[in-house]
Amino acid sequence: MSAEPKPELARSDFPADFAWGVATASYQIEGAVNEDGRSPSIWDTFSHTPGKVDNDDTGDVACDHYHRYKEDVGLMSQLGLNSYRFSIAWPRIVPEGKGEINLKGVDFYARLVDELLEKNIQPYATLYHWDLPQVLEDKGGWSNRDTALYFQEYADKISRLLGDRVKGWITLNEPWVASILGYLQGVHAPGLHSMEKAVRATHHMLLAHGLAVPALRRNALRSDAEVGVTLSFNYIEPGRPGAEQLAQLKDAWDNRLFLDPLFKGAYPTELYPILSQYLPLEREDMEIISTPVDFMGVNYYFRTLPVEWADQATMSFKDRPNEGSEYTAMGWEIYPEGLYQLLTRFHRDYGIKKLYITENGSAFQDSVVEEDGNNFVHDAGRKKYLQEHFGAALRAYRDGVPLAGYFVWSLLDNFEWGYGYDKRFGIVYVDYPTQKRIIKDSAYWYESLLKSNA
Ligand code: FCB
């Protein structure tokens, strides 16, 4: 199908049961925000507040995946993928946040999962990719401890219904982004600026995760089912001589705020001065939070080089750019070595028994070209980005890291949160006015890797 040269990497370099996937998230692709009983989420409210999202874009229609899921699963199958990470919208399943379940909402995910299984694609479901029911935010959202209990209830309900079919359960996606960008920096929903609320949100998200794990285990009926959590990481190095301590603090804040409680049962000591005044810690919380899981999902995109404080009150750092490096359309430095360093660190320092890369990818300015009556997107930058990062992952695997899979972010161009539709992360292009999907060169490259000496 493609005229790609044979990739340098081969599928057989990785374990035979490796999960080759792509990832998406409900609010970023589904659209259909008012259909089949879904209630508004904090992202509906936020994106409909003028000035919050570039262009005032919203997820109202997005990629219309809610109606086009069969075509999208068809694309995955065509590319040769064997795994798919998607997220379930809490407001579709439990529109009031707690209590009654909405079977029409469940039905959408049941049909999606069945379609995937029919195509031999293993479903990995994330339960929280940031679309909190607005009704819960009205009661304090994640700064309210009850939200953790409601999450447990939701996780229990949905896993009872899909537990016979879903392979991987991911409680939370990037809780750092949800709590810090949402409750402290205000650039994500719900758009608040409070350290106290952010610290409370952090703790309650951790608690929500820990409370949900036993319910998921109980309800996951597949013999190969796994339960885990996905965190965001950036690779941090001092941006100048003398900034070592600053870099360490940034690492504690950006990378270990969730990692250490989950896998060491304690918050990083460097952060006590900030956390202690607000942490709503109750007896046994840390035991619940550090309930063992089967895997950790790693989302990795870039390196940062902190040089000084931007604002100590909000724990923001000024990073310097690196001369000679290439940057994506997000302004993120392309640094595959950082992925290698992080994976080996999680293995070495935390002894985590299984790791997945649950997100990795890049945004570039894409353009569609017509050649012989067919449309193409020659996204050489994205293809190179993926080649290099798969290479770094392979190196980590060869050095003993228990890496079980790789989910490219993202299958489709989609609603990139505060940036709206301008930033395209897909390996498949979406022409929004027509909703036509165009397979980019990076996806053809991925396909050729998957079909190399399989
Ligand atoms: C991650 C998010 C994902 C997407 C990528 C680019 O932080 O989990 O939804 O926005 O970044």
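As the structure is a computational prediction, the values presented were derived from the model and not from experiment.

About the cut-offs
Residues numbered from 1 in each chain as written. Predicted model: local features only at pLDDT ≥ 70, side-chain atom pairs only at ≥ 80, totals over all residues. Heavy atoms only, no water. Core = buried A, V, L, I, M, F, W, Y, C linked by side-chain atoms within 4.5 Å. Buried < 20%, exposed > 50% of the residue type's maximum accessible area, 1.4 Å probe, protein only. Contact = heavy atoms within 4.5 Å. Near = heavy atom within 4 Å. Polar contact = N/O pair within 3.5 Å; in protein donor to acceptor, adjacent residues only side chain to side chain. Areas by Shrake-Rupley, 256 points an atom, 1.4 Å probe, with all protein chains shown as cover. 1 Å grid on protein atoms, 1.4 Å probe; cavity = no way out; pocket = protein on both sides within 12 Å on 5 of 7 lines; lining within 4 Å. Sits in = over half its atoms within 2 Å of the grid points. Nonpolar A, V, L, I, M, F, W, Y, C, P; charged D, E, K, R; others polar. Helix = DSSP H or I, 4+ residues; strand = E, 2+ residues; numbered from the N terminus. Expected span 1.5 Å × (residues − 1). Salt bridge = Lys/Arg side-chain N within 4 Å of Asp/Glu carboxyl O. Phe/Tyr/Trp six-rings, centres within 6.5 Å; stacked < 30°, edge-to-face > 60°.

## Details of the nonpolar core
When a protein is soluble and globular, its nonpolar side chains tend to lie buried together.
1) Next: If you look at the biggest cluster of nonpolar residues, it comprises 154 residues, and the most contacted ones within it are Trp253, Phe390 and Tyr446.
2) Next: In this structure, Tyr446 is in contact with Trp20, Gly21, Val22, Leu81, Phe390, Tyr406, Val408 and Ile427, ignoring residues within four places of it in sequence.

## Some remarks on the site of the ligand
1) Next: Close to the ligand lie Gln28, His129, Trp130, Asn173, Glu174, Tyr301, Glu359, Trp409, Glu416, Trp417 and Phe425.
2) Next: Take Glu174: an N or O atom from its side chain is 2.5 Å from an oxygen atom of the ligand.
3) Next: Protein contacts shield 94% of the accessible area of the ligand, which totals 290 Å² for the unbound molecule.
4) Next: When atoms are counted within 2 Å of each cavity's grid points, the one that captures over half of the ligand is the largest pocket.
5) Next: Residue composition of the shell around the ligand, grouped by class: five nonpolar, three polar and three charged.

## Looking at helix α15 (residues 380-398)
1) Next: With 19 residues, α15 should reach 27 Å at 1.5 Å per residue; the first-to-last C-alpha distance of 27 Å fits that figure.
2) Next: What α15 keeps buried is the set Arg382, Lys383, Tyr385, Leu386, His389, Phe390, Ala392, Ala393, Leu394 and Ala396.
3) Next: For α15, the secondary structure elements touched by its buried residues are β1 (19-23), β6 (295-304), α14 (336-350), β9 (355-359), β12 (403-409) and α16 (441-450).
4) Next: Looking at the residues trailing α15, positive phi occurs at Gly400, about 100°.

## Notes on the pattern of salt bridges
1) Next: Following the criterion strictly, the structure yields 37 salt bridges and no others.
2) Next: Residue Asp285 pairs with Arg145 through a salt bridge whose shortest N-O separation is 2.9 Å. Pair noted here: Asp285 is in helix α13 (residues 285-289) and Arg145 is in the loop between α6 (134-137) and α7 (146-162), with a separation of 140 residues, a long-range link.
3) Next: Take Arg145: its relative accessible area is 22%, and that puts it in the partly exposed class.
4) Next: Connected via shared salt-bridge partners are Asp366, Asp379, Arg382, Asp413, Arg424 and Lys440.

## Brief notes about the packing of aromatic side chains
1) Next: Scanning all chains against the criterion turns up 42 aromatic pairs.
2) Next: The interplanar angle of 35° and the centroid separation of 6.4 Å between the aromatic rings of Tyr27 and Trp43 together place this pair among those described as tilted. With Tyr27 in helix α1 (residues 26-29) and Trp43 in helix α2 (residues 42-47), this residue pair connects regions lying 16 residues apart in the sequence. Taken individually, Tyr27 and Trp43 each receive the classification buried, so the pair is uniform in this respect.
3) Next: Arranged with centres 5.7 Å apart and planes meeting at 65°, the rings of Trp90 and Phe151 form a pair that is edge-to-face. With a gap of 61 residues between them, Trp90 in helix α4 (residues 90-93) and Phe151 in helix α7 connect regions that are remote in the sequence.
4) Next: By relative accessible area, Phe151 is classed as buried at 0%.

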